[in-house]
Amino acid sequence: MQKFFVLFIGLIYGQVAFAQNAVVLPGTGLKAAYMGTLIYPGFKIGIERPYKVIQVEKEKRRGTKIVLKERYWTLNLGYYSHPTFHSHVYLLAEWQRRRQKSKGWFFEFTPGVGYSRTFLGGATYTVNDNGDVSKKALAGYNYVQFSLAGGIGYDFSKRLNAPIKAYFKPSLMILTPYNSFIYARPTAELGVIYAPSFFYQSSPKVKIKKK
Amino acid sequence: MHRFILGFLMIFFFSNCQKENNDLVANANETIYVESDNAAMRVNIRGNIASKVVLLVVHGGPAGAGYFYRTDASVAKLEKKYAAAYWDQRVAGASQGGSNSATVVMEQYGKDLKKVIQVLKHKYGQDLKVFLMGQSWGGMVCSQFMTEGNNQDMVVGWIHANAVHNWKQNDVFSRNKLLTFGQQQIALGKNVEKWTEITDYCTANAGDITPEISAQLNAFSFDALNMIDGFTPFNEDEVIRENLISEKIPYTNAFLNLVNPATGRLISSLNSVEFSSKLFKVTKPVLALSGGYDFVVPEEGAIDFIDKVGSAKKSRKLFPNSGHNLEEQDAYIDAFVQFIDDNI
(Lines give C-alpha, C1' and ligand atoms only; values in the text may rest on other atoms or scores of the structure.)
Protein backbone atom coordinates (compact mmCIF):
# COMPACT_ATOMS: atom_id res chain seq x y z
CA MET A 1 0.00 0.00 0.00
CA GLN A 2 2.82 2.32 0.99
CA LYS A 3 4.63 1.51 -2.31
CA PHE A 4 1.46 2.17 -4.25
CA PHE A 5 1.02 5.52 -2.48
CA VAL A 6 4.61 6.53 -3.26
CA LEU A 7 4.13 5.49 -6.89
CA PHE A 8 0.84 7.47 -7.10
CA ILE A 9 2.47 10.58 -5.61
CA GLY A 10 5.35 10.12 -8.01
CA LEU A 11 3.03 9.93 -10.99
CA ILE A 12 1.08 13.01 -9.93
CA TYR A 13 4.29 14.94 -9.33
CA GLY A 14 5.63 13.78 -12.64
CA GLN A 15 2.51 14.97 -14.46
CA VAL A 16 2.69 18.36 -12.76
CA ALA A 17 6.36 18.60 -13.56
CA PHE A 18 5.69 17.63 -17.16
CA ALA A 19 2.81 20.09 -17.33
CA GLN A 20 5.15 22.84 -16.19
CA ASN A 21 7.49 22.06 -19.05
CA ALA A 22 4.84 21.46 -21.72
CA VAL A 23 5.07 23.62 -24.79
CA VAL A 24 2.08 25.92 -25.17
CA LEU A 25 2.16 26.33 -28.88
CA PRO A 26 1.42 29.76 -30.33
CA GLY A 27 -1.39 29.85 -32.83
CA THR A 28 -2.02 31.69 -36.04
CA GLY A 29 -2.85 35.28 -35.20
CA LEU A 30 -4.70 38.10 -36.86
CA LYS A 31 -2.96 41.44 -36.43
CA ALA A 32 -4.33 44.96 -36.57
CA ALA A 33 -2.33 48.04 -35.71
CA TYR A 34 -2.27 51.77 -35.87
CA MET A 35 0.86 52.45 -37.86
CA GLY A 36 2.01 55.96 -38.38
CA THR A 37 4.75 58.52 -38.37
CA LEU A 38 4.68 61.58 -36.19
CA ILE A 39 1.25 63.00 -36.99
CA TYR A 40 0.60 61.07 -40.17
CA PRO A 41 -1.83 58.21 -39.57
CA GLY A 42 -1.91 54.76 -41.05
CA PHE A 43 -2.75 51.19 -40.30
CA LYS A 44 -1.37 47.73 -40.74
CA ILE A 45 -3.35 44.51 -40.78
CA GLY A 46 -2.03 41.04 -41.25
CA ILE A 47 -1.69 37.46 -40.24
CA GLU A 48 1.15 35.74 -38.38
CA ARG A 49 1.74 32.01 -38.55
CA PRO A 50 4.28 30.22 -36.40
CA TYR A 51 6.44 27.62 -38.07
CA LYS A 52 8.92 26.82 -35.33
CA VAL A 53 9.05 27.03 -31.55
CA ILE A 54 12.12 26.41 -29.44
CA GLN A 55 11.36 25.94 -25.78
CA VAL A 56 14.33 26.89 -23.68
CA GLU A 57 14.25 25.57 -20.14
CA LYS A 58 16.59 27.03 -17.56
CA GLU A 59 16.92 25.52 -14.13
CA LYS A 60 16.67 28.20 -11.47
CA ARG A 61 16.54 28.00 -7.70
CA ARG A 62 12.80 28.74 -7.75
CA GLY A 63 12.09 26.20 -10.44
CA THR A 64 12.31 25.87 -14.17
CA LYS A 65 12.22 29.05 -16.18
CA ILE A 66 10.77 28.63 -19.64
CA VAL A 67 11.30 30.96 -22.54
CA LEU A 68 9.78 30.31 -25.96
CA LYS A 69 11.70 31.34 -29.02
CA GLU A 70 8.99 31.57 -31.61
CA ARG A 71 9.49 31.93 -35.34
CA TYR A 72 6.74 33.21 -37.61
CA TRP A 73 5.99 34.14 -41.15
CA THR A 74 3.71 37.13 -41.40
CA LEU A 75 1.85 38.76 -44.27
CA ASN A 76 0.67 42.34 -43.89
CA LEU A 77 -1.20 45.06 -45.68
CA GLY A 78 -0.23 48.58 -44.65
CA TYR A 79 -1.23 52.11 -45.43
CA TYR A 80 -0.37 55.62 -44.33
CA SER A 81 -1.19 59.09 -45.56
CA HIS A 82 1.21 62.03 -45.55
CA PRO A 83 -0.83 64.93 -47.01
CA THR A 84 0.80 66.92 -49.83
CA PHE A 85 3.55 64.26 -50.02
CA HIS A 86 2.08 60.85 -50.73
CA SER A 87 -0.15 58.09 -49.50
CA HIS A 88 1.33 54.67 -49.46
CA VAL A 89 -0.10 51.15 -49.70
CA TYR A 90 2.09 48.12 -49.25
CA LEU A 91 2.07 44.38 -48.98
CA LEU A 92 4.78 43.09 -46.71
CA ALA A 93 6.04 39.60 -45.89
CA GLU A 94 8.00 39.41 -42.66
CA TRP A 95 10.09 36.88 -40.83
CA GLN A 96 9.46 37.30 -37.15
CA ARG A 97 11.54 36.20 -34.18
CA ARG A 98 9.68 36.47 -30.92
CA ARG A 99 11.03 35.75 -27.47
CA GLN A 100 8.06 34.91 -25.29
CA LYS A 101 8.56 35.02 -21.54
CA SER A 102 6.45 32.86 -19.29
CA LYS A 103 4.92 35.87 -17.52
CA GLY A 104 3.50 37.24 -20.75
CA TRP A 105 5.98 39.79 -21.97
CA PHE A 106 7.58 39.26 -25.34
CA PHE A 107 10.19 40.93 -27.51
CA GLU A 108 10.38 40.62 -31.24
CA PHE A 109 12.55 41.42 -34.19
CA THR A 110 11.06 41.50 -37.66
CA PRO A 111 12.80 42.05 -40.99
CA GLY A 112 10.54 42.13 -44.03
CA VAL A 113 10.32 42.59 -47.75
CA GLY A 114 7.39 43.54 -49.93
CA TYR A 115 5.72 45.53 -52.64
CA SER A 116 5.01 49.22 -52.26
CA ARG A 117 2.84 51.61 -54.20
CA THR A 118 2.75 55.34 -53.55
CA PHE A 119 0.11 57.82 -54.67
CA LEU A 120 1.33 61.40 -55.00
CA GLY A 121 -0.13 63.89 -52.55
CA GLY A 122 -1.49 66.36 -55.05
CA ALA A 123 -2.95 66.68 -58.52
CA THR A 124 -0.31 65.46 -60.96
CA TYR A 125 0.30 66.85 -64.41
CA THR A 126 2.29 65.65 -67.36
CA VAL A 127 3.35 67.63 -70.42
CA ASN A 128 3.94 65.98 -73.79
CA ASP A 129 6.46 67.05 -76.44
CA ASN A 130 3.85 69.34 -78.06
CA GLY A 131 3.41 71.17 -74.79
CA ASP A 132 -0.04 69.69 -74.13
CA VAL A 133 -0.74 69.46 -70.42
CA SER A 134 -2.84 66.65 -69.01
CA LYS A 135 -3.76 65.48 -65.58
CA LYS A 136 -2.68 62.02 -64.53
CA ALA A 137 -4.99 59.95 -62.35
CA LEU A 138 -3.59 57.84 -59.51
CA ALA A 139 -0.05 59.03 -60.19
CA GLY A 140 2.62 57.39 -58.11
CA TYR A 141 5.38 54.84 -58.16
CA ASN A 142 6.01 51.16 -57.53
CA TYR A 143 8.87 50.19 -55.29
CA VAL A 144 10.42 47.26 -53.53
CA GLN A 145 10.01 47.74 -49.81
CA PHE A 146 12.26 46.54 -47.04
CA SER A 147 11.50 46.93 -43.39
CA LEU A 148 13.20 46.35 -40.12
CA ALA A 149 11.26 46.40 -36.87
CA GLY A 150 11.78 45.57 -33.24
CA GLY A 151 9.25 45.76 -30.46
CA ILE A 152 7.80 44.74 -27.16
CA GLY A 153 4.45 43.19 -26.35
CA TYR A 154 2.34 41.30 -23.87
CA ASP A 155 0.50 38.02 -24.26
CA PHE A 156 -2.73 38.25 -22.26
CA SER A 157 -3.37 34.52 -22.57
CA LYS A 158 -0.74 33.95 -19.90
CA ARG A 159 -2.78 35.74 -17.24
CA LEU A 160 -6.31 36.29 -18.48
CA ASN A 161 -6.76 33.24 -20.65
CA ALA A 162 -7.63 35.55 -23.54
CA PRO A 163 -5.99 34.80 -26.91
CA ILE A 164 -4.93 38.39 -27.31
CA LYS A 165 -1.53 40.03 -27.49
CA ALA A 166 -0.74 43.72 -27.59
CA TYR A 167 2.47 45.18 -28.95
CA PHE A 168 4.40 48.32 -29.74
CA LYS A 169 6.91 48.16 -32.55
CA PRO A 170 9.01 50.99 -34.02
CA SER A 171 10.22 50.22 -37.51
CA LEU A 172 12.11 51.63 -40.43
CA MET A 173 10.69 51.16 -43.89
CA ILE A 174 12.87 51.60 -46.94
CA LEU A 175 11.64 52.00 -50.51
CA THR A 176 13.87 51.48 -53.52
CA PRO A 177 14.68 52.36 -56.30
CA TYR A 178 13.44 55.74 -55.12
CA ASN A 179 14.96 58.49 -57.22
CA SER A 180 17.45 55.72 -58.09
CA PHE A 181 18.31 55.59 -54.42
CA ILE A 182 16.27 54.96 -51.28
CA TYR A 183 13.52 56.54 -49.25
CA ALA A 184 13.55 55.72 -45.54
CA ARG A 185 10.68 56.38 -43.19
CA PRO A 186 10.62 55.66 -39.46
CA THR A 187 7.23 54.45 -38.29
CA ALA A 188 5.68 53.00 -35.17
CA GLU A 189 3.02 50.34 -34.74
CA LEU A 190 0.65 49.98 -31.83
CA GLY A 191 -1.43 46.89 -32.33
CA VAL A 192 -3.20 43.78 -31.14
CA ILE A 193 -2.93 40.17 -32.19
CA TYR A 194 -5.93 37.88 -31.87
CA ALA A 195 -5.10 34.21 -32.04
CA PRO A 196 -8.22 32.12 -31.33
CA SER A 197 -7.62 28.36 -31.13
CA PHE A 198 -10.19 27.64 -33.86
CA PHE A 199 -8.58 29.86 -36.48
CA TYR A 200 -6.30 28.37 -39.16
CA GLN A 201 -4.56 26.01 -36.78
CA SER A 202 -0.83 25.79 -37.05
CA SER A 203 1.53 22.99 -36.17
CA PRO A 204 4.94 24.56 -35.75
CA LYS A 205 7.98 22.39 -35.40
CA VAL A 206 8.85 22.11 -31.71
CA LYS A 207 12.28 21.77 -30.22
CA ILE A 208 13.19 21.71 -26.54
CA LYS A 209 16.49 22.93 -25.22
CA LYS A 210 17.53 22.55 -21.63
CA LYS A 211 20.17 24.76 -20.09
CA MET B 1 -19.48 45.86 -38.29
CA HIS B 2 -18.24 45.39 -41.86
CA ARG B 3 -19.71 48.81 -42.73
CA PHE B 4 -17.69 50.34 -39.95
CA ILE B 5 -14.50 48.70 -41.21
CA LEU B 6 -15.24 49.76 -44.79
CA GLY B 7 -15.90 53.33 -43.64
CA PHE B 8 -12.68 53.31 -41.63
CA LEU B 9 -10.69 52.16 -44.66
CA MET B 10 -12.36 54.74 -46.93
CA ILE B 11 -11.47 57.55 -44.51
CA PHE B 12 -7.86 56.43 -44.48
CA PHE B 13 -7.58 55.96 -48.22
CA PHE B 14 -9.18 59.22 -49.17
CA SER B 15 -7.87 61.44 -46.40
CA ASN B 16 -4.94 62.17 -48.69
CA CYS B 17 -7.05 63.04 -51.70
CA GLN B 18 -7.18 66.80 -51.61
CA LYS B 19 -9.57 68.71 -53.77
CA GLU B 20 -7.65 70.65 -56.36
CA ASN B 21 -8.40 74.34 -56.52
CA ASN B 22 -7.68 76.27 -59.69
CA ASP B 23 -9.54 79.36 -58.48
CA LEU B 24 -7.75 82.67 -58.65
CA VAL B 25 -7.81 83.42 -54.94
CA ALA B 26 -5.84 85.85 -52.81
CA ASN B 27 -4.53 83.21 -50.43
CA ALA B 28 -3.75 80.14 -52.49
CA ASN B 29 -2.21 77.08 -50.91
CA GLU B 30 -2.04 74.42 -53.56
CA THR B 31 0.35 71.53 -53.88
CA ILE B 32 0.63 69.88 -57.26
CA TYR B 33 3.12 67.55 -58.86
CA VAL B 34 4.63 67.86 -62.30
CA GLU B 35 5.75 64.53 -63.68
CA SER B 36 8.69 64.59 -66.05
CA ASP B 37 10.94 61.73 -67.11
CA ASN B 38 10.35 59.47 -64.12
CA ALA B 39 10.39 62.26 -61.55
CA ALA B 40 7.40 63.80 -59.79
CA MET B 41 8.31 67.32 -58.75
CA ARG B 42 6.38 69.08 -56.04
CA VAL B 43 5.16 72.63 -56.69
CA ASN B 44 3.54 74.54 -53.85
CA ILE B 45 1.63 77.63 -54.98
CA ARG B 46 1.07 80.18 -52.23
CA GLY B 47 -0.34 83.66 -51.90
CA ASN B 48 -2.19 86.00 -54.17
CA ILE B 49 -2.71 84.06 -57.38
CA ALA B 50 -5.67 86.38 -58.08
CA SER B 51 -3.00 88.87 -59.17
CA LYS B 52 -2.23 86.49 -62.05
CA VAL B 53 1.43 87.08 -61.31
CA VAL B 54 3.65 84.37 -59.89
CA LEU B 55 7.28 84.33 -58.81
CA LEU B 56 8.59 80.86 -59.56
CA VAL B 57 11.28 80.04 -57.02
CA VAL B 58 14.13 77.95 -58.45
CA HIS B 59 16.02 76.72 -55.41
CA GLY B 60 19.69 76.21 -54.85
CA GLY B 61 21.60 73.03 -54.22
CA PRO B 62 21.48 71.01 -56.32
CA ALA B 63 19.01 69.12 -54.14
CA GLY B 64 17.92 72.04 -51.98
CA ALA B 65 14.22 72.56 -51.43
CA GLY B 66 11.53 75.14 -52.04
CA TYR B 67 10.64 75.04 -48.34
CA PHE B 68 13.63 77.21 -47.41
CA TYR B 69 12.35 80.19 -49.40
CA ARG B 70 8.96 80.59 -47.75
CA THR B 71 10.18 82.90 -45.03
CA ASP B 72 8.18 85.35 -42.91
CA ALA B 73 9.20 88.18 -45.25
CA SER B 74 8.09 86.22 -48.28
CA VAL B 75 4.69 85.50 -46.71
CA ALA B 76 4.19 89.07 -45.48
CA LYS B 77 5.39 90.97 -48.53
CA LEU B 78 5.57 88.83 -51.64
CA GLU B 79 2.61 86.49 -51.14
CA LYS B 80 0.30 89.33 -50.08
CA LYS B 81 0.74 91.06 -53.41
CA TYR B 82 1.63 88.26 -55.80
CA ALA B 83 1.80 84.48 -55.74
CA ALA B 84 4.92 82.43 -55.20
CA ALA B 85 5.44 78.94 -56.63
CA TYR B 86 7.95 76.95 -54.60
CA TRP B 87 9.23 74.22 -56.91
CA ASP B 88 11.18 71.21 -55.67
CA GLN B 89 13.38 70.14 -58.56
CA ARG B 90 13.93 66.48 -59.43
CA VAL B 91 15.74 64.56 -56.68
CA ALA B 92 15.20 67.48 -54.31
CA GLY B 93 12.92 68.42 -51.43
CA ALA B 94 9.66 66.49 -51.55
CA SER B 95 10.12 65.31 -55.12
CA GLN B 96 9.76 61.63 -55.76
CA GLY B 97 10.48 59.22 -58.57
CA GLY B 98 11.71 55.87 -59.74
CA SER B 99 14.92 54.93 -61.54
CA ASN B 100 15.80 58.38 -62.81
CA SER B 101 19.51 58.88 -62.12
CA ALA B 102 20.24 59.09 -65.88
CA THR B 103 18.05 62.20 -66.01
CA VAL B 104 19.91 64.06 -63.28
CA VAL B 105 21.83 66.13 -65.83
CA MET B 106 21.98 69.85 -66.53
CA GLU B 107 19.84 69.82 -69.71
CA GLN B 108 17.00 68.02 -67.96
CA TYR B 109 16.57 70.80 -65.39
CA GLY B 110 15.82 73.29 -68.16
CA LYS B 111 13.21 70.91 -69.62
CA ASP B 112 11.67 70.40 -66.19
CA LEU B 113 11.43 74.14 -65.57
CA LYS B 114 9.67 74.58 -68.90
CA LYS B 115 7.12 71.92 -67.95
CA VAL B 116 6.49 73.54 -64.57
CA ILE B 117 5.71 76.86 -66.29
CA GLN B 118 3.48 75.12 -68.84
CA VAL B 119 1.53 73.48 -66.04
CA LEU B 120 1.17 76.74 -64.09
CA LYS B 121 -0.19 78.48 -67.19
CA HIS B 122 -2.51 75.56 -67.89
CA LYS B 123 -3.79 75.72 -64.34
CA TYR B 124 -4.20 79.47 -63.90
CA GLY B 125 -4.53 80.71 -67.49
CA GLN B 126 -2.16 81.38 -70.37
CA ASP B 127 -2.14 85.06 -69.37
CA LEU B 128 -0.43 84.19 -66.07
CA LYS B 129 2.68 86.36 -65.73
CA VAL B 130 5.64 84.26 -64.60
CA PHE B 131 8.81 85.69 -63.10
CA LEU B 132 11.78 83.46 -62.31
CA MET B 133 13.89 83.77 -59.18
CA GLY B 134 16.91 81.48 -59.28
CA GLN B 135 19.17 81.37 -56.24
CA SER B 136 22.64 79.78 -56.18
CA TRP B 137 22.42 76.55 -58.29
CA GLY B 138 18.96 77.80 -59.34
CA GLY B 139 20.84 80.32 -61.50
CA MET B 140 22.26 77.46 -63.55
CA VAL B 141 18.77 75.99 -64.01
CA CYS B 142 17.32 79.35 -65.07
CA SER B 143 20.27 79.95 -67.41
CA GLN B 144 19.74 76.55 -69.03
CA PHE B 145 16.06 77.36 -69.54
CA MET B 146 16.40 81.00 -70.63
CA THR B 147 19.08 80.36 -73.25
CA GLU B 148 17.23 77.49 -74.92
CA GLY B 149 15.06 78.20 -77.99
CA ASN B 150 12.15 80.54 -77.32
CA ASN B 151 11.74 79.51 -73.71
CA GLN B 152 12.24 83.05 -72.42
CA ASP B 153 8.98 84.08 -74.10
CA MET B 154 7.18 82.13 -71.37
CA VAL B 155 8.41 84.50 -68.65
CA VAL B 156 8.23 88.22 -68.00
CA GLY B 157 11.48 88.65 -66.08
CA TRP B 158 14.32 86.87 -64.32
CA ILE B 159 15.89 87.51 -60.92
CA HIS B 160 19.37 86.08 -60.51
CA ALA B 161 19.83 86.13 -56.73
CA ASN B 162 23.25 85.11 -55.38
CA ALA B 163 23.19 82.79 -58.35
CA VAL B 164 25.63 80.95 -60.62
CA HIS B 165 25.64 80.89 -64.41
CA ASN B 166 29.23 79.70 -64.96
CA TRP B 167 30.32 76.97 -62.56
CA LYS B 168 34.08 77.02 -63.02
CA GLN B 169 34.29 80.80 -63.25
CA ASN B 170 32.35 81.02 -60.01
CA ASP B 171 34.86 78.71 -58.31
CA VAL B 172 37.65 81.06 -59.35
CA PHE B 173 35.75 84.04 -57.93
CA SER B 174 35.11 82.08 -54.77
CA ARG B 175 38.79 81.17 -54.37
CA ASN B 176 39.87 84.77 -54.96
CA LYS B 177 37.41 86.13 -52.41
CA LEU B 178 38.39 83.55 -49.78
CA LEU B 179 42.04 84.40 -50.32
CA THR B 180 41.64 88.19 -50.24
CA PHE B 181 39.20 88.29 -47.33
CA GLY B 182 41.15 85.63 -45.46
CA GLN B 183 44.41 87.56 -45.70
CA GLN B 184 42.63 90.65 -44.33
CA GLN B 185 41.23 88.65 -41.42
CA ILE B 186 44.64 87.16 -40.62
CA ALA B 187 46.12 90.66 -40.62
CA LEU B 188 43.39 91.69 -38.17
CA GLY B 189 44.16 88.66 -36.00
CA LYS B 190 40.69 87.13 -36.42
CA ASN B 191 40.21 83.35 -36.60
CA VAL B 192 43.84 83.15 -37.70
CA GLU B 193 44.12 79.36 -37.56
CA LYS B 194 41.11 78.63 -39.75
CA TRP B 195 41.75 81.49 -42.18
CA THR B 196 45.36 80.33 -42.54
CA GLU B 197 44.09 76.85 -43.43
CA ILE B 198 41.74 78.36 -46.03
CA THR B 199 44.22 80.78 -47.58
CA ASP B 200 46.94 78.09 -47.67
CA TYR B 201 44.53 75.81 -49.51
CA CYS B 202 43.62 78.55 -51.99
CA THR B 203 47.29 79.35 -52.60
CA ALA B 204 48.23 75.68 -53.01
CA ASN B 205 45.38 75.15 -55.48
CA ALA B 206 45.82 78.25 -57.60
CA GLY B 207 45.65 76.37 -60.90
CA ASP B 208 42.85 74.53 -62.63
CA ILE B 209 39.86 73.74 -60.45
CA THR B 210 38.85 70.09 -60.28
CA PRO B 211 35.50 68.91 -58.89
CA GLU B 212 37.29 68.00 -55.64
CA ILE B 213 38.77 71.49 -55.29
CA SER B 214 35.38 72.96 -56.17
CA ALA B 215 33.75 70.97 -53.37
CA GLN B 216 36.41 72.03 -50.87
CA LEU B 217 36.10 75.70 -51.84
CA ASN B 218 32.35 75.41 -51.37
CA ALA B 219 32.84 73.93 -47.90
CA PHE B 220 35.32 76.67 -46.95
CA SER B 221 32.91 79.31 -48.27
CA PHE B 222 30.25 78.16 -45.82
CA ASP B 223 32.84 77.94 -43.02
CA ALA B 224 33.80 81.55 -43.76
CA LEU B 225 30.22 82.72 -43.22
CA ASN B 226 30.46 81.54 -39.63
CA MET B 227 33.60 83.56 -38.95
CA ILE B 228 32.35 87.07 -39.63
CA ASP B 229 31.80 89.32 -36.64
CA GLY B 230 28.20 90.29 -36.13
CA PHE B 231 26.91 88.19 -39.00
CA THR B 232 24.48 85.29 -38.57
CA PRO B 233 24.10 83.02 -41.59
CA PHE B 234 20.64 81.84 -42.60
CA ASN B 235 19.80 78.71 -40.66
CA GLU B 236 18.13 76.17 -42.93
CA ASP B 237 17.71 73.65 -40.12
CA GLU B 238 15.68 76.20 -38.19
CA VAL B 239 13.31 76.65 -41.14
CA ILE B 240 12.80 72.89 -41.28
CA ARG B 241 12.26 72.68 -37.50
CA GLU B 242 9.75 75.53 -37.43
CA ASN B 243 7.75 74.30 -40.40
CA LEU B 244 8.10 70.54 -40.12
CA ILE B 245 4.49 70.01 -39.04
CA SER B 246 2.71 73.04 -40.53
CA GLU B 247 4.21 72.54 -43.98
CA LYS B 248 4.10 68.74 -43.69
CA ILE B 249 7.75 68.53 -44.70
CA PRO B 250 8.87 64.97 -45.53
CA TYR B 251 12.18 65.41 -43.76
CA THR B 252 13.81 62.08 -44.60
CA ASN B 253 12.84 62.52 -48.25
CA ALA B 254 14.53 65.92 -48.45
CA PHE B 255 17.60 64.63 -46.59
CA LEU B 256 18.02 61.49 -48.71
CA ASN B 257 17.60 63.54 -51.90
CA LEU B 258 20.41 65.75 -50.64
CA VAL B 259 22.77 62.81 -50.22
CA ASN B 260 21.58 60.97 -53.33
CA PRO B 261 24.66 59.80 -55.30
CA ALA B 262 23.05 61.16 -58.50
CA THR B 263 23.32 64.67 -57.04
CA GLY B 264 27.04 64.12 -56.41
CA ARG B 265 27.55 63.00 -59.99
CA LEU B 266 25.66 66.03 -61.27
CA ILE B 267 27.87 68.39 -59.27
CA SER B 268 31.01 66.69 -60.59
CA SER B 269 29.76 67.18 -64.16
CA LEU B 270 29.18 70.92 -63.76
CA ASN B 271 32.83 71.87 -64.01
CA SER B 272 32.48 72.23 -67.77
CA VAL B 273 29.06 73.90 -67.78
CA GLU B 274 28.88 77.62 -68.43
CA PHE B 275 26.25 79.98 -69.79
CA SER B 276 28.36 83.16 -70.05
CA SER B 277 28.68 82.51 -73.77
CA LYS B 278 24.92 82.05 -74.24
CA LEU B 279 23.48 84.82 -72.08
CA PHE B 280 23.49 87.25 -75.00
CA LYS B 281 20.33 85.43 -76.15
CA VAL B 282 18.43 86.67 -73.10
CA THR B 283 16.40 89.79 -73.82
CA LYS B 284 13.92 89.74 -70.94
CA PRO B 285 14.36 92.14 -67.99
CA VAL B 286 16.85 90.81 -65.45
CA LEU B 287 17.91 91.73 -61.95
CA ALA B 288 21.11 90.39 -60.42
CA LEU B 289 21.48 90.40 -56.62
CA SER B 290 24.52 89.61 -54.49
CA GLY B 291 25.48 89.35 -50.84
CA GLY B 292 28.52 91.24 -49.59
CA TYR B 293 29.65 88.25 -47.50
CA ASP B 294 28.81 85.65 -50.12
CA PHE B 295 31.91 83.51 -50.61
CA VAL B 296 29.91 80.75 -52.32
CA VAL B 297 28.76 82.96 -55.19
CA PRO B 298 30.68 86.25 -55.00
CA GLU B 299 29.49 89.49 -56.52
CA GLU B 300 31.86 89.17 -59.49
CA GLY B 301 29.49 86.53 -60.90
CA ALA B 302 26.60 89.01 -60.92
CA ILE B 303 28.84 91.57 -62.65
CA ASP B 304 29.66 89.04 -65.38
CA PHE B 305 25.99 88.09 -65.65
CA ILE B 306 24.83 91.68 -66.18
CA ASP B 307 27.68 92.23 -68.61
CA LYS B 308 26.75 89.19 -70.71
CA VAL B 309 22.92 89.25 -70.89
CA GLY B 310 21.41 90.81 -73.97
CA SER B 311 18.56 92.44 -72.05
CA ALA B 312 17.95 96.15 -72.51
CA LYS B 313 16.50 96.32 -69.03
CA LYS B 314 19.03 95.02 -66.57
CA SER B 315 20.17 96.05 -63.13
CA ARG B 316 22.29 94.85 -60.26
CA LYS B 317 22.19 95.32 -56.52
CA LEU B 318 24.50 94.39 -53.66
CA PHE B 319 23.26 93.64 -50.14
CA PRO B 320 26.39 94.36 -48.10
CA ASN B 321 25.25 92.55 -44.96
CA SER B 322 24.13 89.32 -46.58
CA GLY B 323 25.90 86.04 -47.11
CA HIS B 324 24.84 83.37 -49.55
CA ASN B 325 21.29 82.67 -48.42
CA LEU B 326 19.58 86.06 -48.79
CA GLU B 327 20.09 86.93 -45.11
CA GLU B 328 18.69 90.45 -45.46
CA GLN B 329 15.34 88.85 -46.18
CA ASP B 330 13.21 92.01 -46.07
CA ALA B 331 15.51 93.84 -48.46
CA TYR B 332 15.72 90.92 -50.88
CA ILE B 333 11.94 90.40 -50.90
CA ASP B 334 11.44 94.14 -51.38
CA ALA B 335 13.78 93.94 -54.38
CA PHE B 336 11.81 90.99 -55.81
CA VAL B 337 8.50 92.82 -55.43
CA GLN B 338 9.93 96.04 -56.86
CA PHE B 339 11.28 94.17 -59.89
CA ILE B 340 7.88 92.61 -60.51
CA ASP B 341 6.14 95.97 -60.02
CA ASP B 342 8.48 97.57 -62.56
CA ASN B 343 8.02 94.90 -65.22
CA ILE B 344 4.49 93.69 -64.87
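It should be noted that the structure appears before, not after, this text.
In this text the structure is predicted, and so the values were computed from the model without any measurement.

Trainee: Run through the overall build of chain A, naming residues and quoting values.
Mentor: In terms of helices and strands, chain A carries one helix and 11 strands. Counted from the first residue to the last, chain A has its helices and strands arranged as α-β-β-β-β-β-β-β-β-β-β-β. Within the span of chain A, comprising 211 residues, buried residues form 45% of the whole. Considering only residue pairs separated by 6 or more positions, chain A has 60% of its internal contacts joining residues 24 or more positions apart.

Trainee: Please provide a residue-by-residue account of a positive patch on the surface, values included.
Mentor: Residues and elements named next belong to chain A. Together, Lys 60, Arg 61, Arg 62, Lys 65, Arg 97, Arg 99, Lys 103, Arg 159, Lys 205, Lys 207, Lys 209 and Lys 211 give the surface a local cluster of positive charge. Contributing elements (two or more residues each) for the positive patch: strand S4 (86–101) and strand S11 (205–210). The leading source of residues in the positive patch is S11, at three residues. Looking at the element boundaries, Lys 60 is found in strand S2 (residues 42–60). A relative accessible area of 47% places Lys 60 in the partly exposed class.

Trainee: Give me helix H5 (residues 167–187) of chain B: which residues, what numbers.
Mentor: All names here are of chain B. Counted at 1.5 Å a residue, the expected span for H5 with its 21 residues is 30 Å, and the 30 Å between its end C-alpha atoms agrees. Buried residues belonging to H5 abut helix H4 (138–146), helix H6 (192–204), helix H7 (211–225), helix H10 (261–269) and helix H11 (299–308). Downstream of H5 by a residue or two, Gly 189 has a phi angle that is positive, lying close to 75 degrees.

Trainee: With reference to specific residues and values, describe the packing of H6 of chain B against H7 of chain B.
Mentor: Residue and element names in this part refer to chain B. Across the interface, H6 lies against H7 with an axial gap of 11 Å and an inter-helix angle of 155 degrees. Classified by the angle their axes make, H6 and H7 are roughly antiparallel. You can see that H6 and H7 cross each other, and the crossing is left-handed. On H7, the residues that touch Lys 194, Trp 195, Glu 197, Ile 198, Tyr 201 and Cys 202 of H6 are Glu 212, Ile 213, Gln 216, Leu 217, Phe 220, Asp 223 and Ala 224.

Trainee: How would you sum up the environment of Ala 163 of chain B? Please name residues and give values.
Mentor: Residue and element names in this part refer to chain B. Take Ala 163: it is sitting in strand S7 (residues 157–163). For Ala 163, a relative accessible area of 5% corresponds to the buried category. Non-local contacts of Ala 163, meaning those with residues more than four positions away in its chain, are made with Gly 134, Gln 135, Ser 136, Gly 139 and Val 297.

Reading the values: the criteria
- Residues numbered from 1 in each chain as written.
- Chains lettered and ligands numbered in written order.
- Predicted model: local features only at pLDDT ≥ 70, side-chain atom pairs only at ≥ 80, totals over all residues.
- Heavy atoms only, no water.
- Helix = DSSP H or I, 4+ residues; strand = E, 2+ residues; numbered from the N terminus.
- Buried < 20%, exposed > 50% of the residue type's maximum accessible area, 1.4 Å probe, protein only.
- Contact = heavy atoms within 4.5 Å.
- Patch = residues over 30% accessible without salt bridge, like charges linked within 9 Å, V, L, I, M, F, W, Y side chains within 5 Å.
- Areas by Shrake-Rupley, 256 points an atom, 1.4 Å probe, with all protein chains shown as cover.
- Salt bridge = Lys/Arg side-chain N within 4 Å of Asp/Glu carboxyl O.
- Lys, Arg positive; Asp, Glu negative; His and termini not counted.
- Charge placed at Lys NZ, Arg CZ, Asp CG, Glu CD.
- Expected span 1.5 Å × (residues − 1).
- Axes fitted to C-alpha atoms, helices over the stretch in contact; angles between N-to-C directions.
- Parallel < 35°, antiparallel > 145°, perpendicular 65-115°, else oblique.
- Left-handed = near helix turned anticlockwise from the far one by under 90°.

Distances and angles like these do not, on their own, reveal function.
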